[in-house]
Amino acid sequence: MTIRATNQADVIPLRPLPAAADPAPPALPPEPLWRDLVGEVLRRERRAQGRTLKDVSEASRISMAYLSEVERGRKEASSEVLAAAARALGLSLADVLALAGERLVSLTAARTRSRPRSLGTAGGHRAVGPAAPTGPVRPTGPAGPMGGVLLAA
C-alpha cells in the first residue's frame, strides 16, 4: 500500500447525495457556521467603536494575526479568547454570544423562507418530540387522586 493510499480518508457526507436520476435540488444559501457568526459580531463591534485590530489585540492580549483570523471566521476561538476579545470591546461573553445567536436566528429564518416547499414541513427537517393532540385528551392510565399517576410502596 502506498503512502498516498493510506493518507486518504473516507468522507461520509452529512446529507445524502442526490441519486444520478434525481434532478438537482435548487441551491440553498450555505448554513452559517458559529465561528463565522462570532467573528462577524466581533468585527462589527470593533468597527462600530472606530477601533483598530491592533488596539483590540493589545487590550485583549490576543495576537493581532489570531484575532484577525477569529474575526474572519478562520479560527474556532476558545471561550477564554472570546471573553478576552469581548472584554476589550466593553462587552461580556454573553453579549457576544447573544448577538451571534440573534444573527443565526435571522439567517436561519431567511434560509427557511428560501427553501422550496417540496422538501416538507419544518424547513425540511423531521419534527422532534410528540405531535400535538388533534382531539380531546383522555387519560390512558388509571386515573386516581394523583391525576393518573400510580404510586406503589
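Conventions we followed
- Residues numbered from 1 in each chain as written.
- Predicted model: local features only at pLDDT ≥ 70, side-chain atom pairs only at ≥ 80, totals over all residues.
- Heavy atoms only, no water.
- Helix = DSSP H or I, 4+ residues; strand = E, 2+ residues; numbered from the N terminus.
- Buried < 20%, exposed > 50% of the residue type's maximum accessible area, 1.4 Å probe, protein only.
- Contact = heavy atoms within 4.5 Å.
- Areas by Shrake-Rupley, 256 points an atom, 1.4 Å probe, with all protein chains shown as cover.
- Axes fitted to C-alpha atoms, helices over the stretch in contact; angles between N-to-C directions.
- Parallel < 35°, antiparallel > 145°, perpendicular 65-115°, else oblique.
- Left-handed = near helix turned anticlockwise from the far one by under 90°.
- Nonpolar A, V, L, I, M, F, W, Y, C, P; charged D, E, K, R; others polar.
- Polar contact = N/O pair within 3.5 Å; in protein donor to acceptor, adjacent residues only side chain to side chain.
- Core = buried A, V, L, I, M, F, W, Y, C linked by side-chain atoms within 4.5 Å.
- pLDDT = per-residue confidence, 0-100.

## Some points on the overall build of the protein chain
Each helix and strand counted, the protein chain has six helices and zero strands in total. Each helix and strand of the protein chain, ordered N terminal to C terminal, gives the series α-α-α-α-α-α. Residues classed as buried in the protein chain amount to 21% of the 153 residues present. Once local pairs closer than 6 in sequence are excluded, the contacts in the protein chain between residues at least 24 apart make up 61%. Carbon and sulfur atoms form 59% of the exposed surface of the protein chain, whose accessible area is close to 11800 Å².

## Remarks on the packing of helix 3 (residues 53-60) against helix 4 (residues 64-71)
Between two packed helices, both the angle of their axes relative to each other and the distance between the axes serve to describe the pair. Where helix 3 meets helix 4, the axes come as close as 9 Å, and the angle between the chain directions of the two elements is 110°. Looking at the two axes, helix 3 sits roughly perpendicular to helix 4. In the packing of helix 3 onto helix 4, the handedness of the crossing is right-handed. Seen from helix 3, the contacting residues are Leu53, Lys54, Val56 and Ser57; seen from helix 4, they are Met64, Leu67, Ser68 and Glu71. Here the contact of helix 3 with helix 4 is composed, by residue class, of four nonpolar, two polar and two charged.

## Regarding the packing of helix 3 against helix 5 (residues 79-88)
The geometry of helix 3 relative to helix 5 is characterised by a closest axis approach of 8 Å and an angle of 115° between their N-to-C directions. At the point where helix 3 passes helix 5, the crossing takes the right-handed sense. On helix 5, the residues touching Val56, Ala59 and Ser60 of helix 3 are Ala84, Ala85 and Ala88. Grouping the constituent residues of the contact of helix 3 with helix 5 by class yields five nonpolar, one polar and no charged.

## Description of the side chain of Ser60
Along the chain, Ser60 falls in helix 3. Among the residues examined, Ser60 registers a relative accessible area of 8% and is labelled buried. Of note is the side chain of Ser60, whose polar atom sits 2.8 Å from the backbone oxygen of Val56. Ignoring sequence-local partners within four residues, the contact set of Ser60 consists of Ala84, Ala85 and Ala88.

## Considering the nonpolar core
In terms of nonpolar packing, the biggest core is built from 20 residues, with Val38, Leu42, Ile62, Leu67, Leu82 and Val96 touching the most fellow members. Listing elements by their share of this core, those giving two or more residues are helix 2 (34-48), helix 3, helix 4, helix 5 and helix 6 (93-114). Sort the elements by how many residues they give to this core and helix 5 lands first, with six residues. For Leu67, the residues in contact, after removing those within four places along its chain, are Leu53, Val56, Ser57, Ile62 and Ala85.

## Re the confidence of the model for the protein chain
It should be kept in mind that the predicted coordinates are not to be read in detail where pLDDT is low. Chain-level statistics for the protein chain give a pLDDT mean of 76 and a share of 56% at 70 or above. Note on residues 118-151: pLDDT is under 50 here. Beyond four places in sequence and across chains, it has ten contacts.

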